[in-house]
Amino acid sequence: MAASNSIFTTAPSRNLAPISLHQPFSSPLSLPLTRSNSVSFRPKTRSSSLVFSSTDESKISADKEIPIELRYEAYPTVMDINQIREILPHRFPFLLVDRVIEYKAGESAVAIKNVTINDNFFPGHFPERPIMPGVLMVEAMAQVGGIVMLQPEVGGSKSNFFFAGVDKVRFRKPVIAGDTLVMRMTLVKLQKRFGIAKMDGKAYVGNTLVCEGEFLMAMGKEEE
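Looking at an unreviewed UniProt entry, the protein carries the name 3-hydroxyacyl-[acyl-carrier-protein] dehydratase, with the source organism given as Eruca vesicaria subsp. sativa. Per UniProt, the protein has the following entry under Function (unreviewed entry): "Involved in unsaturated fatty acids biosynthesis. Catalyzes the dehydration of short chain beta-hydroxyacyl-ACPs and long chain saturated and unsaturated beta-hydroxyacyl-ACPs." We quote the UniProt Subcellular location (unreviewed entry) comment for the protein here in full: "Cytoplasm".

Undergrad: Hey, could you go over the overall build of the protein for me, with residue numbers and the actual values?
TA: Looking only at helices and strands, one finds four helices and six strands in the protein. Start at the N end of the protein and walk to the C end: the helices and strands fall as α-α-α-β-β-α-β-β-β-β. Burial statistics for the protein: of 224 residues in total, 28% are counted as buried. Within the protein, counting contacts between residues at least 6 apart in sequence, those at least 24 apart form 60% of the total. Working note: accessible area of the protein is about 16,000 Å², and carbon and sulfur atoms make up 56% of it.

Undergrad: Please provide a residue-by-residue account of the packing of aromatic side chains, values included.
TA: Throughout the structure, instances matching the rule amount to two aromatic pairs. Aromatic side chains F163 and F215 sit 5.7 Å apart centroid to centroid with 25° between the ring planes, which places their arrangement in the stacked category. In this pair, F163 is assigned in strand 3 (residues 161-171) and F215 in strand 6 (residues 208-219), connecting sequence segments 52 residues apart. On the basis of relative accessibility, which here comes to 2%, the residue F215 falls in the buried class.

Undergrad: Can you break down the confidence of the model for the protein residue by residue, with the values?
TA: Confidence in the prediction for the protein averages 80 pLDDT; 67% of positions are at 70 or higher. Below a pLDDT of 50 lies the segment residues 1-14, which in the model reaches 11 contacts outside its immediate sequence neighbourhood of four places, other chains included. Segment residues 19-31: pLDDT under 50, and nine contacts once partners within four positions in sequence are set aside and those in other chains are kept.

Undergrad: Run through the pairing of strand 5 (residues 196-205), naming residues and quoting values.
TA: Here 10 bridges tie strand 4 (residues 180-191) to strand 5, and the two strands are oriented antiparallel to one another. Bridging from a neighbouring strand, L190 pairs with A197 of strand 5. Relative to strand 6, strand 5 runs antiparallel, the two sharing 10 bridges. Opposite I196, over in strand 6, you have A218 as the bridge partner.

Undergrad: Kindly report on the nonpolar core, identifying the contributing residues and their values.
TA: Membership of the largest hydrophobic core comes to 39 residues, with the highest contact counts inside it found for L181 and M217. Contributions of two or more residues to this core are made by helix 3 (81-87), strand 2 (108-114), helix 4 (134-149), strand 4, strand 5 and strand 6. Tallying contributions element by element places helix 4 first for this core, with 10 residues. The contact partners of L181, leaving out residues within four places of it in the chain, are A111, I112, K113, V115, M132, M137, V175, A203, Y204, V205 and V210.

Procedures and definitions
- Residues numbered from 1 in each chain as written.
- Predicted model: local features only at pLDDT ≥ 70, side-chain atom pairs only at ≥ 80, totals over all residues.
- Heavy atoms only, no water.
- UniProt positions renumbered as here; feature names shortened; annotations may be inferred.
- Helix = DSSP H or I, 4+ residues; strand = E, 2+ residues; numbered from the N terminus.
- Buried < 20%, exposed > 50% of the residue type's maximum accessible area, 1.4 Å probe, protein only.
- Contact = heavy atoms within 4.5 Å.
- Areas by Shrake-Rupley, 256 points an atom, 1.4 Å probe, with all protein chains shown as cover.
- Phe/Tyr/Trp six-rings, centres within 6.5 Å; stacked < 30°, edge-to-face > 60°.
- pLDDT = per-residue confidence, 0-100.
- Pairing = 2+ DSSP bridges.
- Core = buried A, V, L, I, M, F, W, Y, C linked by side-chain atoms within 4.5 Å.

Quick look at the structure:
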């Protein structure tokens, strides 16, 4: 078999040119490069735009679509003002509970007081800076406690029920006109024999604690 002039013993590939021994050796850089064996480096640029997840995008689009007046739900109504008037003996201008939003018989109640500039105490407290008096916050909380105590589960008497005392009261933040005061009263201890009940009270505006304290209630039997 005659020796081949090429240094390759097999058939040359389609993209490589054979090199003859009788021709001067050329530099590899002079070899023709085809589209298939050419190498190119393209630096990948990093995007400067923020990446949002599908949850974030849906939340943003939902906020844009829903008007703000329809975005927030109102407090639920467990007892309206008419039902509250049937339980509490207080009347204008001293009925300081507008709605009960949660009630657990014999345990606790959560109610709200809508504080408005039309409340009769604001002209004097204070004309230039309307702040709800702390003693009225305590009174409002005691009335919420009365809703718990004046129920058949506890046995309180509407005609013989008193706010007997308060202890460890702290006012954390002023309550002003336009706020919604949310009050939770929880029955801690009940001594039916002596007609004494101890309650824990907390009041909030939004998620901020504005007032807290311990309440003592005295109750008696229904007069015949």
